[in-house]
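Summary of the model geometry
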Amino acid sequence: MLLFFTLGLLIHFVFFASIFDIYFTSPLVHGMTPQFTPLPPPARRLVLFVADGLRADALYELDENGNSRAPFIRNIIMHEGSWGISHTRVPTESRPGHVALIAGFYEDVSAVAKGWKENPVEFDSLFNESKYTWSWGSPDILPMFAKGASGDHVYTYSYDAKREDFGAQDATKLDTWVFDNVKDFFHHARNNQSLFSKINEEKIVFFLHLLGIDTNGHAHRPSSRDYKHNIKKVDDGVKEIVSMFNHFYGNDGKTTFIFTSDHGMTDWGSHGAGHPSETLTPLVTWGAGIKYPQRVSAQQFDDAFLKEWRLENWKRLDVNQADIAPLMTSLIGVPFPLNSVGILPVDYLNNTDLFKAESMFTNAVQILEQFKVKMTQKKEVTLPFLFTPFKLLSDSKQFNILRKARSYIKHRKFDEVVSLCKELIHLALKGLSYYHTYDRFFLGVNVVIGFVGWISYASLLIIKSHSNLIKGVSKEVKKPSHLLPCSFVAIGILVAFFLLIQACPWTYYVYGLLPLPIWYAVLREFQVIQDLVVSVLTYPLSHFVGYLLAFTLGIEVLVLSFFYRYMLTAGLTAFAAWPFLTRLWTRAKMTSLSWTFFSLLLAVFPLMPVVGRKPDISLVMGAGLLVLLLSLCVVTSLMKRKDSFIKEELLVHLLQVLSTVLSMYVVYSTQSSLLRKQGLPLMNQIISWATLASSLVVPLLSSPVLFQRLFSILLSLMSTYLLLSTGYEALFPLVLSCLMFVWINIEQETLQQSGVCCKQKLTSIQFSYNTDITQFRQLYLDDIRRAFFLVFFLVTAFFGTGNIASINSFDLASVYCFLTVFSPFMMGALMMWKILIPFVLVMCAFEAVQLTTQLSSKSLFLIVLVISDIMALHFFFLVKDYGSWLDIGTRTLTMNGACRTGSCSGISHYVIVMSMTIFLVFLNGLAQLLTTKKLRLCGKPKSHFM
C-alpha cells in the first residue's frame, strides 16, 4: 500500500505539471532579424513615467470640487498631447505590466515562480534596443531589464528594498526619491563631460518608475486621502521633470514624454485579476512626434467614462498595453523589440503619412518574422506527413501581402498600407498561437487517458481490497497471459520511437508513456471488472441509478462551488436537512439540532463578500473573545476532574489562553500603530512569529484524549488565525470547528444506527499512533458519503471566506502583524498558511471520524482521491489561455459579482484540486502528528486514568 501511495503521488505530480507544459509554456522565440523604420524618427530621446498601481479613473476624474487631482497631466490632455486608456491583461502585476509596456509581449506564467522579479526566459526590450537607458525606481522592477540587456548600456538607480514598507509614515517618499535623483543626475551631468555627451546622444530612454501610489493603495486603499494625495505629488513631480528636460535641452522639441501605469487597483487595495479597476490604466503622451489634442463633438465607447471625467470633447485613443512598446520604438527610431506582439497605434503619431505607413510595415514584418521562426522550429521537429501548416498565412500569401503593401507605399496609398499591415499582423499572431499550441491536442489526450486510467485503477482497488461488493461472486483466478504485458511493451516502444524521431522534449516521453503502465495495471484486474459487472447486474436497477445520480450530483455541486460560492451555501443547507431525512432525528435529537444549527451558521460565510470589505478589527476581537469564553468552559471542566494530568493539562490550556490574549492585543495595537503611520512595532512582530512557531508544538503537550486534543489544536491555530485576520473571517474556523465536533458525534450515531459498531464516549477515546489493524472494517456505501463530506468540507475550508482562485482576493493587510515590508514569497507563504489552517482543522476532525467509525484511513483516502481526480478532470477540460493569461487563473468579478469574461474557470481551479489531492497526503500526516504525538513538559512518564 505504501508503494501504491508513493506511485500515486508521483503520478499526480505529473498530472499537476502537465497543465503548464500543455497550456503555459513560454511563447517566445529567438533568431529573428531586428526591424526598424527606415525614416528619421521625430524624437531623439524618450521619457517614460510609470505610476505603479495608478487607476485610470483616479487620474482622469475630477474631485468633489470639480478640480483635477493631476492638473498638469490634465492640461497636457487638453492643450499639448494625446490620451486614452491602456488595457492591461491578467495577471495585473507589476512585472507582467512592465514587460508588456517595455518589451511588447505578455508575460508567460513561468515568471511567477521567481516572484515576478527575475527573467525565466530572456527577451528583447526597448531598453535593450536603445543606445542608452537610465532608469530610477524600485529594486523589484529595474534589474530585470538591465539583466536582460546585451552590453552595458542600461543603467539603474534604485532605493533600498526596505523603503517599500506598507506601514511607513509616507510612501510618497518613494516617488520623491526618484524625482530628486533624476534632478541630481542632470545636475551632475553638467560637470561630467562623458555623461553629458551620452545624454545628448539620440535613441536614448529615461525611465522613472514611481511606486508610491501602489504602496499607498495597498496600505490605505485607492479611496484614501493618501492615495489621492500621492497622485497630486506625482503630478507635481512630473511637471518639474518635464520643465527640467525642456530647460536642459534648450526646448529643442526632440523629447517625447509617455505617462502611464503598469496596472490599476481594486477598491480594496489589491491587484492581480481582471476587474476593470485593475485592467484600465491611463495613457498620456506629448512632445516630439505626438499628435496635439483633437477636439471632437461625439465619441462612441461602450462605457460612460468620458462624461464622468468631463473629457467627452477630447479624442480618446485606447490601446492594448503591449501596443505602447512599438509606439515608443517608432518615436525614437530604434528596432522594434524582437518578441513584441504590440500593434503600432498610428493615431498617436504626428508625422507624415509615409512615416506612419513605413512604421506600420516594419511592425508587420517584425511580427511576421516571429511567425516564420516559430513555423520553421515546429516543421523541423515534425514528421513531414504529420505536419499541417497554418493555411491562412501560406508563403505565397505572405509574399503577396508584402508585395502589395510595398506597391501601395510606392503609389502613396498610405491608408491602404496601414489596413493591409494590420491584417497581416492579425494573421501572423493567429499563426503564432497555432504553432505554439500545435502539440496541445496530443499532450491533452495522453493526460486524459492517464487520468481516466488512474481513476479506474483506484476504483478497482477500493472494490477489490476494501469492500465486500465482489466477495460473493469471485471466481477462480486465472493465470495471467503473457500477451498483455508483451502488447503494452510493444506499444511503449512504438510511442518512444515516434517521440524520438521528432526530437520531442523529455516531458513528452513522460506524458506519452505514463498511461501504459496505468492501463496495464487496470487490465490486470480484469477478473475484478468481471465480478463487478456481475455484482452490479444483480443489484436493483432503480437503486443503482439513484446512487449514480446522487454521486454525479454531488460531484457537480463541488465543481460548481468553484465558480459560484453560493453552491457551498446550498450544499450546507442540504447537509442541515440530512438528519431529518433519516432516522437520526429520532435517535439523537440534540446532536441533530446542533448539526443543523452549525451547518446553517457555516452556510452564511459563502454569502459574505469575498473582497472589497474594509478591515473590521471589532470582529477579530469578537472572535478572540468567543475563543476565550470557550476556553474558560473547558478549563472549568478540567478543574472539576481529579486525575493526575490536571496540572499539566491546565498549564497547557492556560498557555493557549495567554496566546489568544496576546494575539488579540497584537492585532489591536498593530492596527492602531499603522493608522498613526508609526509602522509595525518590533515587539508585536516578535510575538506574532513566536505564536506562529508555537502553534504546531503546543497541542502536542495536551492530552491525547480525542476531545481535548482537538480543542487544543483549535486554540493554537486560532491564535495564529487571529493574527492573519482583518474581519469576519476570524469567526470562520471557530464555526467550522464546532461543526466538525458535531460531525464526529453524528457519524458515531449513523454507525450505531446501521449496527456496524457500538457508540463510544468521546471522553474515553484516545488518539493512538499505533492503531490495531484488526479493528478496521470493510467499506460500505455510507462511507462514500463520509468521503464526500470530507471533500465538501475541504472545499468549504478553501472558499468559505473568499475566492482564492482570484489573485486579488488576497488582502496584504492580513500579514501586517508579521511584516509590512514588501516580500512576495514571505507574504504569500503567510497567506497560504491562513488558507491551510481551516484545512488542517478539517483533516484533524477527519482523523477522529476515522477513529470513531473504525475505518482505515487508506480506504477512505482512496475514495477521496477518486472524487478529487474526477473534479480535476472537469477543470482540465475547462482551462483556457486564449487572449492573455486571460483570467486563466481566476473567476473574474465585476462590481455586481458576475463573471466578466467567458473564461470563468481555469488553471487555478485545476491547480487547487490537484494541490488538494497532493497535499492531502502531507496534511494527513500533519493531522496524524498533531492528534497522536505526545510531548511532555517533564521527563517523567505518567499514566492516564479514565
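Residues numbered from 1 in each chain as written. Predicted model: local features only at pLDDT ≥ 70, side-chain atom pairs only at ≥ 80, totals over all residues. Heavy atoms only, no water.

Side note on the overall build of the protein
Counting secondary structure elements, the protein contains 34 helices and eight strands. The proportion of buried residues among the 946 residues of the protein is 57%. Sequence-distant contacts in the protein: of pairs separated by 6 or more residues, those separated by 24 or more amount to 80%. Surface summary for the protein: the accessible area is close to 39,700 Å², and the carbon and sulfur share equals 63%. (Helix = DSSP H or I, 4+ residues; strand = E, 2+ residues; numbered from the N terminus. Buried < 20%, exposed > 50% of the residue type's maximum accessible area, 1.4 Å probe, protein only. Contact = heavy atoms within 4.5 Å. Areas by Shrake-Rupley, 256 points an atom, 1.4 Å probe, with all protein chains shown as cover.)

What to know about the packing of aromatic side chains
Under the definition given, this model contains 70 aromatic pairs. Ring centres of Phe371 and Tyr435 lie 5.8 Å apart, and the angle between their planes is 50 degrees; on these two criteria the pair is classed as tilted. A residue pair is termed long-range when its members are at least 10 positions apart, and Phe371 in helix α14 (residues 353-380) and Tyr435 in helix α16 (residues 414-436) qualify at 64 residues. By relative accessible area, Tyr435 is classed as buried at 2%. (Phe/Tyr/Trp six-rings, centres within 6.5 Å; stacked < 30°, edge-to-face > 60°.)

Quick notes on the pattern of salt bridges
Tallying each qualifying case throughout the model produces 19 salt bridges. Close ionic contact of Lys378 with Asp439 constitutes a salt bridge, the shortest N to O distance being 2.8 Å. Pair noted here: Lys378 is in helix α14 and Asp439 is in the loop between α16 and α17 (440-465), with a separation of 61 residues, a long-range link. Of the two residues, Lys378 and Asp439, neither departs from the other in class, the shared state being buried. With a closest N to O distance of 2.7 Å, Arg786 and Glu747 form a salt bridge. In this pair, Arg786 sits in helix α31 (residues 781-799) while Glu747 sits in helix α30 (residues 732-753), placing the two residues 39 residues apart along the sequence. (Salt bridge = Lys/Arg side-chain N within 4 Å of Asp/Glu carboxyl O.)

What to know about the side chain of Ser94
Secondary-structure assignment places Ser94 in helix α4 (residues 94-103). A relative accessible area of 16% places Ser94 in the buried class. Setting aside anything within four residues of it in sequence, one finds Ser94 in contact with Asp52, Ile141, Asp262 and His263.

Points about unusual backbone geometry
Here the bond from Val90 into Pro91 is cis, since omega is 0 degrees, no more than 30 degrees from zero. Structurally, the position occupied by Pro91 is in the loop between β2 (82-87) and α4. Its identity as a non-glycine residue notwithstanding, Ala503 has a phi of 55 degrees, on the positive side. With respect to the helices and strands, the residue Ala503 is situated in the loop between α18 (483-501) and α19 (506-513). Unlike most non-glycine residues, Lys677 shows phi in positive territory, near 60 degrees. With respect to the helices and strands, the residue Lys677 is situated in the loop between α27 (646-675) and α28 (682-694).

A few points about a nonpolar patch on the surface
Taken together, the side chains of Tyr539, Leu541, Phe544, Val545, Tyr547, Leu548, Leu549, Phe551, Leu781 and Ile784 make up a nonpolar region of the molecular surface, amounting to roughly 910 Å² of accessible area. Sorting the residues of the nonpolar patch by element identifies α22 (541-561) and α31 as the ones contributing at least two each. Top element by residues in the nonpolar patch is α22. It accounts for seven residues. Along the chain, the position of Phe551 falls in helix α22. (Patch = residues over 30% accessible without salt bridge, like charges linked within 9 Å, V, L, I, M, F, W, Y side chains within 5 Å.)

So, the sheet that holds strand β8 (residues 319-320)
One open sheet accounts for eight strands, arranged β4-β3-β5-β1-β6-β7-β2-β8; its pairing is mixed. In the strand order of this sheet, the two ends are held by β4 (154-158) and β8, each with one partner. The sheet contact formed by strand β1 (residues 45-51) and strand β6 (residues 255-260) spans six bridges and is parallel. Within β6, the residue paired with Val50 across the bridge is Thr260. Sitting on the sheet, helix α7 (residues 172-189) is in contact with β3 (132-137), β4 and β5 (204-210), with an inclination near 150 degrees to β5. (Pairing = 2+ DSSP bridges. Axes fitted to C-alpha atoms, helices over the stretch in contact; angles between N-to-C directions.)

With respect to the packing of α31 against helix α33 (residues 857-878)
Following both chains from N to C, one finds α31 and α33 inclined at 55 degrees, their axes separated by 9 Å at the closest point. Classified by the interaxial angle, the pair formed by α31 and α33 is oblique. Here α31 and α33 pass one another in a crossing that is right-handed. Facing α31, whose interface residues are Asp783, Ile784, Ala787, Phe788, Leu790, Val791 and Val795, α33 presents Leu860, Ile863, Val864, Ile867, Ser868 and Met871. By residue class, the composition of the contact of α31 with α33 is eleven nonpolar, one polar and one charged. (Parallel < 35°, antiparallel > 145°, perpendicular 65-115°, else oblique. Left-handed = near helix turned anticlockwise from the far one by under 90°. Nonpolar A, V, L, I, M, F, W, Y, C, P; charged D, E, K, R; others polar.)

A look at α33
Over its 22 residues, α33 runs 31 Å from end to end, which matches the ideal 32 Å to within 8%, given 1.5 Å per residue. Burial of α33 is extensive: 16 of the 22 residues sit out of reach of the surface. (Expected span 1.5 Å × (residues − 1).)

Here we look at the pairing of β6
With six of six residues buried, β6 lies mostly within the body of the structure. Side chains Thr255, Phe257 and Phe259 project from β6 onto one buried face, and the interleaved Thr256, Ile258 and Thr260 project onto a second face that is buried too. The pairing of β6 with strand β7 (residues 280-287) spans five bridges and is antiparallel. Of the residues in β7, the one forming a bridge with Phe259 is Val284.

Brief notes about helix α29 (residues 706-723)
In this model, α29 (18 residues) spans 27 Å end to end at C-alpha, consistent with the 26 Å of a helix rising 1.5 Å per residue. The element α29 is largely enclosed, with a buried count of 17 among its 18 residues.

So, the side chain of Thr932
In this fold, Thr932 is placed in helix α34 (residues 907-932). Here Gln928 takes part through its backbone oxygen, which lies 2.4 Å from a polar atom of the side chain of Thr932. (Polar contact = N/O pair within 3.5 Å; in protein donor to acceptor, adjacent residues only side chain to side chain.)

Thoughts on the environment of Leu700
Mapping Leu700 onto the fold places it in the loop between α28 and α29. Between the alpha carbons of Leu700 and Thr932 there is a distance of 8.1 Å; along the sequence they are 232 residues apart. Once residues within four sequence positions are removed from consideration, Leu700 is found in contact with Arg709, Leu929, Leu930, Lys933, Lys934 and Leu935.

Focus on the packing of α17 against α33
Between α17 and α33, the least distance of the axes is 9 Å, while the angle of their chain directions is 160 degrees. For the element pair α17 / α33, the angle class is roughly antiparallel. For α17 against α33, the interelement crossing comes out left-handed. Touching Gly444, Val447, Val448, Phe451, Val452, Trp454, Ile455, Ala458, Ser459, Leu461 and Ile462 of α17 are Leu862, Ile863, Leu865, Val866, Asp869, Ile870, Ala872, Leu873, Phe876 and Phe877, all from α33.

Some words on the nonpolar core
Note on soluble globular proteins: their nonpolar side chains tend to be buried together. In terms of nonpolar packing, the biggest core is built from 151 residues, with Trp595, Trp743, Phe793, Met871 and Tyr910 touching the most fellow members. Among the elements that take part in this core, helix α32 (residues 824-852) stands out by supplying 17 residues, more than any other. Those residues within four positions of Tyr910 in sequence are excluded, and the remaining contacts are Phe15, Phe16, Ser18, Ile19, Phe451, Ala872, Phe875, Phe876 and Val879. (Core = buried A, V, L, I, M, F, W, Y, C linked by side-chain atoms within 4.5 Å.)

Topic: the confidence of the model for the protein
Of the residues in the protein, 88% reach a pLDDT of 70 or more, and the chain-wide mean stands at 85. Below a pLDDT of 50 lies the segment residues 882-905, which in the model reaches 67 contacts outside its immediate sequence neighbourhood of four places, other chains included. Predicted confidence for residues 940-946 stays below pLDDT 50, and this span has 17 contacts to residues more than four positions away or in other chains. (pLDDT = per-residue confidence, 0-100.)

Looking at the environment of Arg44
Mapping Arg44 onto the fold places it in the loop between α1 (2-23) and β1. The exposure class assigned to Arg44 is partly exposed, which follows from its relative accessible area of 28%. Along the backbone, Arg44 and Ile204 are 160 residues apart, and their C-alpha atoms lie at a distance of 6.9 Å. Among residues more than four places away in sequence, those in contact with Arg44 are Asn200, Glu201, Glu202, Lys203, Ile204, Lys254 and Ile332.

Some points on the environment of Ala797
Along the chain, Ala797 falls in helix α31. Overall, Ala797 belongs to the buried group, its relative accessible area being 5%. Between the C-alpha atoms of Ala797 and Pro838, which are 41 residues apart in sequence, the distance is 5.3 Å. Ignoring any residue separated from it by four or fewer positions in sequence, one finds Ala797 in contact with Phe732, Leu736, Ile835, Pro838, Phe839 and Val842.

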